Amino acid sequence: ETGLHAAIYNNLSSRAIVHVHPAFTLTLTDSACDLKPITLEAAIFLGTVPIIPQEAPNVTDTASVVASFTLNNIVILKNHGIVSVGETIWDAFFLAELLEEASHMTILSYLLAGVKRKREKAAVPKQLKAKPVKIFSKEHVSRLIKITNSNKKLQTLGKETHFSLSLGLRMQDQGVAYTLVFKDGKIVETKQGENKDTLVMAGSRAAWCAICNGIMDPFAASIQKKMEFGASIRDLSPWYPFFRSLFALWQTIPVTEGLAAIKI
């Protein structure tokens, strides 16, 4: 795989690569079943793992693999193996080991449940039922507010966790920023720009499009430094259930940009 490794080093800032052939991950992928991380650790660190079809014994289309690393630091090469990257060999190996553990647990869960759940093409096809909007346009922000404030489950979580803060949404390469003021889980005020003491979530246009279209996990993106979150996962832990539900809800509103840029 010299060509693959060279392409990754030449196009990414990663300093280490792990390429292995994990049995449980490949079996799960081949069975067309969904990877369902059971532990919170796996869900946060792995996010949505891209799956790239392979037609040859070695990787001939290195460009698709490199492109997928814009979404996640680990990708699955179907019927072949997995590739993970990191700043150190341990960072890359940690993701590979965590994915294999999550795949093992998923298979056991399916067997114990006695149900074979077909792998869904999840977010994108479901979202196409809704009208796509331009990302961070007035219509997009208006729909985010409306869907947030009309969701009863979210309101309950907001009150239980006392979710009251100012959340800044910034598109770094476009100079676009909004501040959403939450009180007990409801958005009570919206402002353009950022306020002092705002918890800011920032990323490129491409990253925001990937998150809004459900092909990149916001928490994994933050840990892997593909997005910036103005707080650590540890600090966000009390509000994690609310944030997880909030982002899942927002991903039901597709955006027009980036929808077909990378296919998983």
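I will try to describe carefully the structure that is included in this document. Predicted model only: the values in this text are computed from it and were never measured.

1. Some points on the nonpolar core
Leu167, Phe182, Phe243 and Trp250 are the most contacted members of the largest nonpolar core, which totals 44 residues. Looking at this core element by element, the count peaks at 7 residues for helix α12 (residues 240-250). Setting aside chain neighbours within four positions, we find Phe243 in contact with Phe163, Leu167, Leu199, Phe219, Phe229 and Leu236. Among the nonpolar cores identified, the runner-up in size contains 14 residues, and Val18, Ile76, Ala92 and Leu98 belong to it.

2. Description of helix α5 (residues 89-113)
Its 25 residues place the ends of α5 36 Å apart at the C-alpha level, agreeing with the 36 Å of an ideal helix rising 1.5 Å per residue. When α5 is considered as a whole, its buried residues turn out to be Ala92, Leu95, Ala96, Leu98, Leu99, Glu100, Ala102, Ser103, Thr106, Ile107 and Tyr110. Buried positions along α5 lie against β1 (16-20), α2 (23-30), α3 (40-46), β3 (74-77) and β4 (81-86). Remark: Gly114 follows α5 within two positions and exhibits a positive phi of approximately 70°.

3. Quick look at the layout of surface pockets
Empty space within the second largest pocket amounts to approximately 470 Å³. Contributing to the lining of the second largest pocket are 17 residues, with Asn73, Gly86, Glu87, Ile223 and Gln224 lying nearest its centre. Where the lining of the second largest pocket is concerned, the elements lending two or more residues are β4 and α5. Take the lining of the second largest pocket: its biggest share by element is 4 residues, from α5. Of the residues assigned to the lining of the second largest pocket, the class counts are 8 nonpolar, 5 polar and 4 charged.

4. A few points about the environment of Phe93
The topology assignment puts Phe93 in helix α5. Residue class for Phe93 comes out partly exposed when judged on its relative accessible area of 39%. Spatially, the C-alpha atom of Phe93 lies 12 Å from that of Pro22, the residues being 71 residues apart in sequence. Look past the residues within four positions of Phe93 in its chain and what remains in contact with it is Val18 and Ser84.

5. Details of the sheet that holds strand β7 (residues 186-192)
With respect to topology, 5 strands assemble into an open sheet ordered β7-β6-β5-β8-β9, the strand pairing being mixed. Only two strands of the sheet have a single partner each, and these edge strands are β7 and β9 (228-229). Sheet analysis places strand β5 (residues 166-171) next to strand β8 (residues 199-203), joined by 5 bridges and oriented parallel. Opposite Arg170, over in β8, you have Ala202 as the bridge partner. Contacts from helix α7 (residues 138-149) reach β6 (176-183) and β7 within the one sheet, and its direction differs from that of β7 by about 165°.

6. Brief notes about the packing of aromatic side chains
The final tally for this structure, using the stated rule, is 13 aromatic pairs. Centre to centre, the rings of Phe163 and Trp239 are 5.3 Å apart; their planes meet at 75°, and the pair counts as edge-to-face. Of the two residues, Phe163 sits in the loop between α8 (152-160) and β5 while Trp239 sits in the loop between α11 (233-236) and α12, which places them 76 residues apart along the sequence. Looking at Trp239, the relative accessible area reads 22%, which means it is partly exposed. Among the aromatic residues, ring-to-ring pairing joins Phe163, Phe182, Phe219, Phe229, Trp239, Tyr240, Phe242, Phe243, Phe247 and Trp250 into one connected group.

Scoring rules and cut-offs
Residues numbered from 1 in each chain as written. Predicted model: local features only at pLDDT ≥ 70, side-chain atom pairs only at ≥ 80, totals over all residues. Heavy atoms only, no water. Core = buried A, V, L, I, M, F, W, Y, C linked by side-chain atoms within 4.5 Å. Buried < 20%, exposed > 50% of the residue type's maximum accessible area, 1.4 Å probe, protein only. Helix = DSSP H or I, 4+ residues; strand = E, 2+ residues; numbered from the N terminus. Contact = heavy atoms within 4.5 Å. Expected span 1.5 Å × (residues − 1). 1 Å grid on protein atoms, 1.4 Å probe; cavity = no way out; pocket = protein on both sides within 12 Å on 5 of 7 lines; lining within 4 Å. Points joined across faces, edges and corners; volume = space filled by probe spheres on them. Nonpolar A, V, L, I, M, F, W, Y, C, P; charged D, E, K, R; others polar. Pairing = 2+ DSSP bridges. Axes fitted to C-alpha atoms, helices over the stretch in contact; angles between N-to-C directions. Phe/Tyr/Trp six-rings, centres within 6.5 Å; stacked < 30°, edge-to-face > 60°.

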